[in-house]
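If you want the building blocks of each chain, they are given just below.
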Amino acid sequence: MQSVSHMKKAAGKHQSRGLTLLNQEDFLVLASRRYVAFDLETTGLNAKTDRITEIGALRVEYGQVTQTFQMLVNPRRPIPREVVNLTHITNEMVRDAPGIEEVLPAFLAFLGDDVYVAHNASFDVAVLNAVCDVYGLDHILFSYLDTVTISRRVYPELYNHKLNTVSEYLGIELHHHNGKSDAYACLMILLKAMTAYDC
């Protein structure tokens, strides 16, 4: 099992890049670089007090998925029934899964120095930084793109910009609240937005 010192070492590598929401011009150049699309599943919607139950991520290079990451996480607290019904992640499924102190260093190693892409990215940032607070670590600073913001710019006609709404509109297959599937949908939203802008 990874110790807190391993977490500090992993998190420390991510403290110098700054927390930057990239603008429209920035996302247009992503077609020619590496980035990671990812999604977190949690025990609830409170970024400060709820805990991670799954991380799913896809590394993309020049528009192609080159690596994947998916791990269940033991939140060390019961998952509420309504959340189980939503995510289909049960207490039994995470009982023998590693804790976040083991999964976070692996995920940060996967993320590397790449820009990351998420849907409602500020929530994911807040959840990860809440983990840092629990273990007395400095907050992890990311460069990121939020596909909610991108969707609002590119598809203003939509009545909302939830992941399932945008995915259905764009014909993207989605098994909602599955970390890897949500990360894939997030990736496809970005790629389709790039196409819409003739990147």
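Structure: see above.
These lines cover the structure that appears in this document, whether it is placed above or below.

Scoring rules and cut-offs
Residues numbered from 1 in each chain as written. Predicted model: local features only at pLDDT ≥ 70, side-chain atom pairs only at ≥ 80, totals over all residues. Heavy atoms only, no water. Buried < 20%, exposed > 50% of the residue type's maximum accessible area, 1.4 Å probe, protein only. Helix = DSSP H or I, 4+ residues; strand = E, 2+ residues; numbered from the N terminus. Pairing = 2+ DSSP bridges. Core = buried A, V, L, I, M, F, W, Y, C linked by side-chain atoms within 4.5 Å.

Turning our eyes to something else, we now look at the pairing of strand β5 (residues 115-118). Every second residue of β5 is oriented toward a common face, with V115 and V117 on one face and Y116 and A118 on the other, all of them buried. Pairing between strand β2 (residues 34-42) and β5: 3 bridges, direction parallel. Residue Y35 lies in a different strand from β5, and its bridge partner there is V115. Pairing of β5 with strand β6 (residues 143-146), which is carried by 3 bridges, proceeds in the parallel orientation. Among the inter-strand pairings, Y116 is bridged to a residue of β6, identified as Y144.

Although it is not a glycine, R76 sits at a positive phi angle of roughly 60°. Residue placement: R76 occurs in the loop between β4 (64-72) and α3 (81-87). Overall, R76 belongs to the exposed group, its relative accessible area being 51%. The backbone of N120 shows a phi angle near 60°, a positive value even though the residue is not glycine. In this structure N120 comes out as partly exposed when scored by relative accessible area, which is 39%.

Our next topic: the nonpolar core. Among the nonpolar cores identified, the biggest contains 28 residues, and F38, I52, I55, Y116 and F142 are the most heavily contacted of them. Breaking this core down by element, the ones donating at least two residues are β2, β3 (52-61), α5 (100-111), β5 and α6 (121-134). The biggest single contributor to this core is α5, with 7 residues. Grouped together as the second largest cluster of nonpolar side chains are 25 residues, A37, L163, A185 and L191 included.

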